[in-house]
Amino acid sequence: MDDFDGETSTRNPVFCALVNATLDLDRDDLGHPAHPGLWERLTGDRRPVDQRGLHCPDCRSAHGARAWMYVFERQGLRIAAHHNPHRRQAGGSDVREAYRERYVRAAESAGHTAEVGVTDGNGRQRTDVLVTGAGGQRYGFEPQLSYLSADTARSRDAAARADGVTPVWHTVDPRSPLIDAVHWTRADDLPAAAVRAERDLLVRGGVRALTLELCDRMPTPCPTRSQGSCGRRHARWGPRPRQFDDLVRDIAAGSCVPLTVRAGRGVHRFWSSAEDRDVYLDSGGTLAPADEADTGAADRTADRAAGPTAGRVSAFHRSAVSGPRPYSHRDARCAVARADRAERWHRRFAALPARDSGEAIWLPEPAAAPAPIVRPEIVPVRRGVCSAGRGPSCGRRARLYPGGWFCDGHRPGAARV
């Protein structure tokens, strides 16, 4: 790359205020050998784009205004791109990088190994943070901060599981279509500085705890009969907020597992403790297959909004058959078109109700339980007759005490033999 001294490439011109000159992205030293490591400094700068000191010299000469730029590397090619401050994803990359750092920090604090930006054997599927947990089990933590359709999330999730990776999707939008389409978690929409800070980060959705409630003691009608009570126990999966770092460590250790349950016509996917899963299965509960489709009304609405492209074979499935193909400029244009289309779909989904409502999940089928409770026989109280004892009353002559009529053997305070 350094064989053309005296020449200056006109590809991707970018002016750098740090060196007060134009950079040459085709050269290893960017055309400034007096500043070693300049490229690493520029790509590692996490400040807002308008504070990094990179702008387009062509726009400056043509319009007299500074058009801020940022640099990155893709498949070995150095690229300088114009910054659009009005795009919704403008700060997404910084927040995503903050989540990556926090995933790595939480996993390594528990003795697990973590890798960032790992690509599969086909070169198409990329995992944000790959954590190797207990027993060699691999977990792919995916902070998804921009819009992603349910079909795309399912395709990427299936491709990861086929590669032996258990995906852990994370979102900050309670209306995100990936909720219940894959196993997910949700936190508040916070800036990158708050995610990176050494402070508690609460996971508000996607984690649930099991409660087996006796139907007779429920304040609502029986979930199975929709009226009265059946005398059995019903499974209730209620939300269980967790601290972000604790949840990452529990998932990597295998003590927090993904569950897929069917409630009516809907399929719910969430994370729960291994103990709750075992209790649920022991009580007669059943789990749905991880790849079972959701036929609920929410997904049908999402499929209609997705238009005629819904249901097509994804690029990940095609690549598994035909193998990867070289990256071209047409791919770049298609990627921009997909991003714009996704933004339009996001605006349409913004009017939909929140998928993460924070409500408990009642399973309509009753969990296994003992036979209906046999209520004790209530014997009539008779004057001067002892009413103590199990089953039939004692029947002996008795005196009146504050608790009723009792004989000398059953009177309050008497020793039991």
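Residues numbered from 1 in each chain as written. Predicted model: local features only at pLDDT ≥ 70, side-chain atom pairs only at ≥ 80, totals over all residues. Heavy atoms only, no water.

### As for the overall build of the protein
Next, step 1: Helix and strand counts for the protein stand at ten helices and 19 strands.
Next, step 2: With 417 residues in all, the protein has 37% of them scored as buried.
Next, step 3: Looking at the protein alone, contacts between residues at least 24 apart form 55% of all its contacts between residues at least 6 apart.
Next, step 4: On the protein, roughly 23,600 Å² of surface is accessible, and the fraction owed to carbon and sulfur atoms is 50%. (Helix = DSSP H or I, 4+ residues; strand = E, 2+ residues; numbered from the N terminus. Buried < 20%, exposed > 50% of the residue type's maximum accessible area, 1.4 Å probe, protein only. Contact = heavy atoms within 4.5 Å. Areas by Shrake-Rupley, 256 points an atom, 1.4 Å probe, with all protein chains shown as cover.)

### Here's the deal with the pairing of strand E4 (residues 69–74)
Next, step 1: Here six bridges tie E4 to strand E5 (residues 77–82), and the two strands are oriented antiparallel to one another. Residue pairing in the sheet places Met69 in a bridge with His82 of E5.
Next, step 2: In textbook terms, the turn of a hairpin is the stretch between consecutive antiparallel strands, and for E4 and E5 this stretch comprises two residues, one of which, Gln75, has a positive phi near 50°. (Pairing = 2+ DSSP bridges.)

### Quick look at helix H6 (residues 244–253)
Next, step 1: The complete set of buried residues in H6 reads Phe244, Leu247, Val248, Ile251 and Ala252. Across the axial projection of H6, the buried residues extend over an arc of 130°, all falling on one side.
Next, step 2: Gly254 sits one or two positions beyond H6 and adopts a positive phi of about 85°. (Arc of directions from axis to C-beta.)

### A closer look at the packing of aromatic side chains
Next, step 1: Under the criterion given, the structure shown has eight aromatic pairs.
Next, step 2: Considering the side-chain rings of Tyr103 and Phe244, the 5.0 Å spacing of their centres and the 45° angle between planes classify their relative orientation as tilted. Of the two residues, Tyr103 sits in helix H3 (residues 92–109) while Phe244 sits in helix H6, which places them 141 residues apart along the sequence. Of the two residues, Tyr103 and Phe244, neither departs from the other in class, the shared state being buried.
Next, step 3: Across from the ring centre of Trp39, 4.7 Å away, lies the NZ or CZ of Arg78, which sits over that ring.
Next, step 4: If you follow Arg208 out to its NZ or CZ, it ends over the ring of Phe270, 6.0 Å from the centre. (Phe/Tyr/Trp six-rings, centres within 6.5 Å; stacked < 30°, edge-to-face > 60°. Lys NZ or Arg CZ within 6 Å of the ring centre and 35° of its normal.)

### Focus on the state of the cysteines
When the sulfur atoms of two cysteines share a covalent bond, that bond is a disulfide.
Next, step 1: According to the stated counting rule, one finds zero disulfides in the structure shown.
Next, step 2: As a non-bridged cysteine, Cys59 has Cys56 as the owner of its nearest cysteine sulfur, 3.6 Å distant. (Disulfide = S-S within 2.5 Å.)

### Description of the sheet that holds strand E13 (residues 233–239)
Next, step 1: Strand order in the open sheet formed by three strands is E12-E13-E17, with antiparallel pairing between adjacent strands. Of all the strands in the sheet, the pair left with one neighbour each is strand E12 (208–214) and strand E17 (361–362).
Next, step 2: Two elements, E13 and E17, share two bridges in a ladder whose sense is antiparallel. When the bridges of E17 are listed, Trp237 appears paired with Ile361.

### Considering the pairing of strand E10 (residues 184–187)
Next, step 1: Neither face of E10 is open: one carries Trp184 and Arg186, the other Thr185 and Ala187, and all of them are buried.
Next, step 2: When strand E9 (residues 165–171) meets E10, the two strands line up parallel, connected through three bridges. The partner of Trp169 across the bridge, within E10, is Trp184.
Next, step 3: When E10 meets strand E11 (residues 202–205), the two strands line up antiparallel, connected through two bridges. Bridging from a neighbouring strand, Ala187 pairs with Val203 of E11.

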